[in-house]
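Understanding the architecture of this molecule
Here's the letter readout for the chains.
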Amino acid sequence: MTLPDCIRAVEDPSGYLIYHIQHPAVTAKVSGHGAHVMEWTPRGQAQPVLYLSPQAIFALGKAIRGGIPICWPWFNAHPTDATKPMHGLARIQPWELLRADAQESHVAMLFRLQNTPETRELWPHDFVCHVGISLGAKLEVSLMTQNLGSEPLRVTEALHTYLSVGDIHRVTVQGLAEARYLDTVGEPTQRQQEGDITFDREIDRQYHSTAGVVVNDPAWERQIIVDKLGSGTTVVWNPWIEKSKRLADLPDEAYQGFLCVEAANAGEAAVRILPGGQHVIVTSVCVQGGGAN
Ligand code: TA6
């Protein structure tokens, strides 16, 4: 397949392709492994908008720490078999690049994953998934699932977006006030959000919400607006100090420089896809302020 001049395919030593994008509107990296947006920096931003761990491990079958991992067809641990990979199979499979186009304002890429004997080992169903990615002043990622089998599919999923911030201690997240959420730090507990979300401990919450949010990052003088479609859950996560130390592919101090805001369908928002049916979940990210100094 011919790539536009602004996209260069580089084979990573681990054996999968990473697409480097240098376009007037955007600089970005996308991995064929997991159809994974790794980096995205729109023109004029002094700092990358997505966080990518400097200790990320690039290996077949291993999730890349940062960017936007595609968590599918289950979110978190497999519901009945703890030996299966966290967050499903999509982010650790090789996806096929079907199209890559460069327009004046953005670059668009389309990836496909269809069931294989390997995926059926992990999840015994017939499906085809497409990930559509649009990279420009705005980033948009769409995950489309089609049920090719004869039984309904139950799917939980997340576009697990890591956002880069100047200082987590000063970050606030607006848009989820009064929303109910499942607090999964310690004993899972249903709670209700009061006001903006602030960060002074490990945060791992599944908000029951279809709304977008605004991440205020005063240290870098910017706001990151995260919107979504086809998603009934917004997951907000920061590992804080102890969990950062436990994650080998994350520097100990990294918790200070990122948070995750994930368009998801988890728990009671699980998606049921009838035979021949399909489902789409979309997340979009754009930035205000934060201009190059
Ligand atoms: O999205 C929040 C979460 O489920 C956290 O519990 C944490 O496990 C995070 O995902 C990262 O998961 P990973 O498997 O990528 O280390």
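Scroll up to find the structure this text is about.
The paragraphs below set out a description of the structure included in this document. (Residues numbered from 1 in each chain as written. Predicted model: local features only at pLDDT ≥ 70, side-chain atom pairs only at ≥ 80, totals over all residues. Heavy atoms only, no water.)

1. Things to note about the overall build of the protein chain
Across its full length, the protein chain carries two helices and 23 strands. In the protein chain, buried positions account for 52% of the 293 residues. Here the protein chain displays about 12,800 Å² of accessible surface, and carbon together with sulfur accounts for 49% of that area. Positive and negative side-chain charges of the protein chain, numbering 23 and 32 respectively, have mean locations separated by a distance of 1 Å. (Helix = DSSP H or I, 4+ residues; strand = E, 2+ residues; numbered from the N terminus. Buried < 20%, exposed > 50% of the residue type's maximum accessible area, 1.4 Å probe, protein only. Areas by Shrake-Rupley, 256 points an atom, 1.4 Å probe, with all protein chains shown as cover. Lys, Arg positive; Asp, Glu negative; His and termini not counted. Charge placed at Lys NZ, Arg CZ, Asp CG, Glu CD.)

2. Side note on the environment of Pro85
Considering the arrangement of structural elements, one finds Pro85 in the loop between strand 5 (70-71) and strand 6 (96-102). Taking the relative accessible area as the measure of exposure, Pro85 reaches 23% and is therefore partly exposed. Apart from residues no more than four positions distant in its own chain, Pro85 is found in contact with Trp74, Ile92 and Leu122. (Contact = heavy atoms within 4.5 Å.)

3. Things to note about the site of the ligand
Inspection of the region around the ligand gives Arg65, Phe75, Asn76, Met86, His87, Arg91, His160, Asp204, Val235, Trp237, Lys243 and Glu262 as its neighbouring residues. In the environment of the ligand, an oxygen atom lies 2.9 Å from a nitrogen or oxygen atom belonging to the side chain of Arg65. Within the contact set of the ligand, an oxygen atom lies 2.9 Å away from a side-chain nitrogen or oxygen of Arg91. For the ligand, whose unbound accessible area comes to 390 Å², protein coverage reaches 89%. Across the shell around the ligand, the residue classes break down as four nonpolar, three polar and five charged. (Near = heavy atom within 4 Å. Polar contact = N/O pair within 3.5 Å; in protein donor to acceptor, adjacent residues only side chain to side chain. Nonpolar A, V, L, I, M, F, W, Y, C, P; charged D, E, K, R; others polar.)

4. Remarks on the pairing of strand 7 (residues 106-114)
Here strand 7 shows a buried face lined by Val107, Met109, Phe111 and Leu113 and an unburied face lined by His106, Ala108, Leu110, Arg112 and Gln114. Sheet topology note: the strand 6/strand 7 ladder contains six bridges and is antiparallel. Directly across from Ala100, in strand 7, lies its bridge partner Met109. Where strand 6 folds back on strand 7, the antiparallel hairpin that results is connected by three residues. Where strand 7 meets strand 8 (residues 127-136), nine bridges bridge the pair, whose relative direction is antiparallel. (Pairing = 2+ DSSP bridges.)

5. A few points about the environment of Gly186
Note on placement: Gly186 falls in the loop between strand 14 (180-183) and strand 15 (189-192). The class for Gly186 is exposed, based on a relative accessible area of 58%. On a C-alpha basis, the gap between Gly186 and Asp204 in space is 9.7 Å, while along the polypeptide they are 18 residues apart.

6. Structural notes on unusual backbone geometry
The step from Trp72 to Pro73 runs through a cis peptide bond, and the omega angle for that step is 10 degrees. Looking at where Pro73 falls in the secondary structure, it is placed in the loop between strand 5 and strand 6. For His87, which is not glycine, the phi torsion reads 65 degrees and is therefore positive. Looking at the secondary structure, you find His87 in the loop between strand 5 and strand 6. By relative accessible area, which is 7% here, His87 ends up buried.

7. Here we look at the pairing of strand 8
Across the 10 residues of strand 8, eight count as buried, placing the element largely inside the fold. Taking the residues between adjacent antiparallel strands as the criterion, strand 8 and strand 9 (residues 139-147) are bridged by two residues.

8. So, the pattern of salt bridges
Any two side chains of opposite charge can pair, so long as their charged atoms come close to each other. Within this structure, the stated rule accounts for 10 salt bridges. Put simply, Arg180 and Glu268 hold a salt bridge, and the shortest N to O gap is 3.3 Å. Linking Arg180 in strand 14 with Glu268 in the loop between strand 21 (258-265) and strand 22 (271-273), this pair joins segments that are 88 residues apart in sequence. Given the relative accessible area of 41%, Arg180 is considered partly exposed. Linking Arg191 and Asp183 is a salt bridge whose minimum nitrogen-to-oxygen distance equals 2.9 Å. (Salt bridge = Lys/Arg side-chain N within 4 Å of Asp/Glu carboxyl O.)

9. Some remarks on the sheet that holds strand 23 (residues 278-289)
Taken in spatial order, the nine strands of this open sheet run 6-7-8-9-23-19-18-13-16, and their pairing is antiparallel. What marks the edges here is a single partner per strand, and that holds for strand 6 and strand 16 (197-198). Inspection of the sheet shows strand 13 (residues 172-174) paired to strand 16 by two bridges, in the antiparallel sense. If you follow Val173 over to strand 16, its bridge partner there is Ile197.

10. Regarding the sheet that holds strand 1 (residues 7-11)
Ordered by their spatial adjacency, four strands build an open sheet running 1-2-3-4, and the pairing between neighbours is antiparallel. Two strands bound the open sheet, and with one partner strand each, they are strand 1 and strand 4 (36-42). On average, each strand axis in the sheet is tilted by 15 degrees relative to the strand beside it, whichever way the strands run. Sheet topology places strand 2 (residues 17-23) next to strand 3 (residues 26-31); six bridges connect them, and they run antiparallel. Its bridge partner being in strand 3, Ile21 is matched across the sheet by Ala28. (Axes fitted to C-alpha atoms, helices over the stretch in contact; angles between N-to-C directions.)

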